[in-house]
Amino acid sequence: MFDAVPERARWRYKPRAARIWQSKAVRAGLPIIVLALCALVILALVREETGPEGFLVGLGLATLPVPLLVAAFRWLDRVEPGPWRNLIFAFAWGAFAAALVAILANSFAVRWIATATADPNSAEGLGATVIAPVVEESAKAVAILLIFIFRRRHFTGIVDGVVVAGLTATGFAFTENILYLGTAFGEDQELGHSGLESVTAATFFVRIVMSPFAHPLFTMLTGIGFGIAALAPRHRRFRRWALPLLGLVLSMGMHALWNGSASYWGPWGFYAVYGMFMVPTFALLTWLTVWTRQRELRTIAAELPAYAAAGWLSPAEPQALSSMKARASARDMARRTLGAAAAHTVSEYQRFATSLAFLRHRAGRGAADPDFVAREQELLHHMWQRKEVAAPALTYAARATGRVWVPPPHRDYEGYNPYRR
């Protein structure tokens with residue numbers, strides 16, 4: 001047993017890192033430096049390729065789908081939102097590091113194949129169909145791997161894998177779209193084309209209107225592999241490493257099919273692959289992700305009653321926490337009655353409770369981390385600090401949304417009996 005409210009110094013159980021490479025400053029600063037250097041190099045390369053005007057046009061057009069894709073992945077992550085720093089890192093890695101690796105490696109490989117075969121056209125086709133999928137998906141997968149290893153606490157299942165993969169690929173597609181659109185604009189400037197018949201308009205239609213989800217779709221398969229591995233029991237070592245590799249291979253295969261349809265099969269082959277394979281696959285993976293999110297809510301409803309029985313939560317809280325509508329209602333209620341700070345407290349309480357439910361669920365599956373007990377205590381302590389504000393709001397929300405049935409007020413009908421003496 002342990003005290004419900006420990007001293008503040010005991011709220012965090014993890015000891016301070018002793019080695020310099022394990023310190024928070026180094027672990028946060030090193031990725032920032034690497035990504036900043038990659039950003040400067042990729043900016044210079046893309047600007048040199050497209051020219052100043054083409055770069056600005058490409059940047060403006062490539063930005064259009066980014067807010068929608070980021071909002072969609074953030075919506076999927078609402079049950080247990082990951083830290084913004086992880087999501088920003090994933091997007092930045094895709095936009096700067098992965099894009100830089102892809103540009104350099106693809107260019108080198110195409111030149112080498114062209115020199116070896118003396119056939120530049122064949123080299124371009126092989127580069128797009130074989131080299132690019134392998135290089136690009138591997139470069140994007142590195143971001144997922146890094147978060148899976150160094151931010152394991154926030155990588156707990158399929159939804160986390162899909163969100164990290166999707167944001168990494170969104171960043172990659174953003175930079176790639178700047179390059180393609182900027183280059184197309186430069187060609188139009190040289191040839192005097194404009195309007196709907198321009199290369200820029202055609203490139204915008206294919207890359208921004210038709211297939212803004214293409215790169216996220218490819219990389220989502222890698223993310224799903226990592227997500228399933230995160231759910232696997234710790235003794236299943238082969239599964240924990242084979243599934244991410246399988247997801248990576250599938251993402252490369254889908255990427256190669258997409259690029260090959262445009263390189264070898266002409267417009268009709270491209271549209272056939274788009275309509276008969278890409279769109280159904282996108283719909284299937286979207287359904288799988290949404291279904292997984294609903295399963296996460298069911299996990300909360302199944303795991304938290306044990307803590308309610310122990311007195312850590314009120315009886316209505318597990319039902320409120322397992323409903324997105326009730327969670328939003330609790331935050332709104334706290335904001336109306338106590339202000340924005342109280343709403344933020346309720347939001348924190350919800351995140352800690354969700355993490356607690358997932359932690360217990362992984363333990364039940366045999367996938368508990370070695371620090372399970374300490375992590376459980378830490379989450380309970382953080383929840384206890386916020387319980388005074390959060391518990392009434394969640395209880396109200398559970399009743400207001402019908403998650404908990406409240407009997408009608410008792411009426412003394414005998415008092416209205418005219419025949420009573």
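Residues numbered from 1 in each chain as written. Predicted model: local features only at pLDDT ≥ 70, side-chain atom pairs only at ≥ 80, totals over all residues. Heavy atoms only, no water.

A. Here's a closer look at the overall build of the protein chain. From N to C terminus, the protein chain includes 14 helices and zero strands. The N-to-C order of helical and strand elements in the protein chain reads α-α-α-α-α-α-α-α-α-α-α-α-α-α. Pairs at least 24 residues apart make up 77% of the contacts formed inside the protein chain by residues separated by at least 6 positions. By element, 65% of the accessible surface of the protein chain is carried by carbon and sulfur atoms, the whole surface being about 22400 Å². (Helix = DSSP H or I, 4+ residues; strand = E, 2+ residues; numbered from the N terminus. Contact = heavy atoms within 4.5 Å. Areas by Shrake-Rupley, 256 points an atom, 1.4 Å probe, with all protein chains shown as cover.)

B. Structural detail: the side chain of Asn86. Inspection of the secondary structure assignment puts Asn86 in helix H3 (residues 84-117). The class of Asn86 is buried, set by a relative accessible area of 7%. Beyond its immediate sequence surroundings of up to four residues, Asn86 is in contact with Ile147, Arg151 and His154. (Buried < 20%, exposed > 50% of the residue type's maximum accessible area, 1.4 Å probe, protein only.)

C. Region of the structure containing the UniProt feature "transmembrane region" (unreviewed entry) in the protein chain. Cross-referencing UniProt, the feature "transmembrane region" (unreviewed entry) maps to residues 25-45, 57-76, 88-114, 126-150, 162-184, 204-229, 241-258 and 270-290 in the present numbering. The span residues 204-229 is 88% helical and 0% strand by assignment, and the distance between its end C-alpha atoms comes to 37 Å. As a span, residues 241-258 carries 100% helix and 0% strand, and end to end its C-alpha atoms are 26 Å apart. (UniProt positions renumbered as here; feature names shortened; annotations may be inferred.)

D. Representation of the pattern of salt bridges in the model. Considering all chains together, one arrives at nine salt bridges under this definition. With its nearest N and O atoms 2.8 Å apart, the salt bridge here joins Lys140 to Glu137. Taken as a pair, Lys140 and Glu137 lie in helix H4 (residues 120-150) at a separation of three residues, close to a single helical turn. Across this residue pair, the class does not change: Lys140 and Glu137 are buried. (Salt bridge = Lys/Arg side-chain N within 4 Å of Asp/Glu carboxyl O.)

E. Layout of H3. End to end, H3 covers 47 Å across 34 residues, agreeing with the expected 50 Å (1.5 Å per residue, within 8%). A bend of about 40 degrees at Trp93 is the largest found in H3. Count one or two residues on from H3 and you reach Ala118, which has phi positive near 55 degrees. (Expected span 1.5 Å × (residues − 1). Bend = angle between axes of the 7 residues up to and from the residue.)

F. Highlighting the packing of aromatic side chains. Tallied over the entire structure, the rule returns eleven aromatic pairs. Ring centres 6.1 Å apart and planes at 45 degrees place the aromatic pair Trp258 and Tyr274 in the tilted group. Residue Trp258 is found in helix H8 (residues 237-264), and its partner Tyr274 is found in helix H9 (residues 266-303); the two are separated by 16 residues along the sequence. The pair formed by Trp258 and Tyr274 is uniform in burial state, with each residue classed as buried. Positioned above the aromatic ring of Trp84 is the side chain of Arg74, whose terminal nitrogen or guanidinium carbon lies 4.3 Å from the ring centre. Here Lys140 stacks its cationic end above the ring of Phe172, 5.0 Å away from the centre of that ring. (Phe/Tyr/Trp six-rings, centres within 6.5 Å; stacked < 30°, edge-to-face > 60°. Lys NZ or Arg CZ within 6 Å of the ring centre and 35° of its normal.)

G. Up close: the side chain of His255. Its place among the elements puts His255 in helix H8. Excluding residues that lie within four positions of it along the chain, His255 makes contacts with Pro133, Glu136, Glu137, His215 and Phe218.

H. How the structure looks around a nonpolar patch on the surface. On the surface, Leu126, Val130, Tyr264 and Trp265 cluster together to form a nonpolar patch covering roughly 410 Å² of accessible area. Here Leu126 shows up in helix H4. Residue class for Leu126 comes out partly exposed when judged on its relative accessible area of 33%. (Patch = residues over 30% accessible without salt bridge, like charges linked within 9 Å, V, L, I, M, F, W, Y side chains within 5 Å.)

I. The arrangement of empty space enclosed by the protein in detail. If you walk through the whole model with that rule in mind, you get two cavities of 30 Å³ or more. What the largest cavity holds in volume is close to 60 Å³. As for the largest cavity, its lining consists of Asp77, Gly82, Pro83, Asn86, Leu87, Ile147, His154, Asp160, Val163 and Val164. Contributions of two or more residues to the lining of the largest cavity are made by H3 and helix H5 (158-191). Ranked by residues supplied to the lining of the largest cavity, first place goes to H5 with three residues. (1 Å grid on protein atoms, 1.4 Å probe; cavity = no way out; pocket = protein on both sides within 12 Å on 5 of 7 lines; lining within 4 Å. Points joined across faces, edges and corners; volume = space filled by probe spheres on them.)

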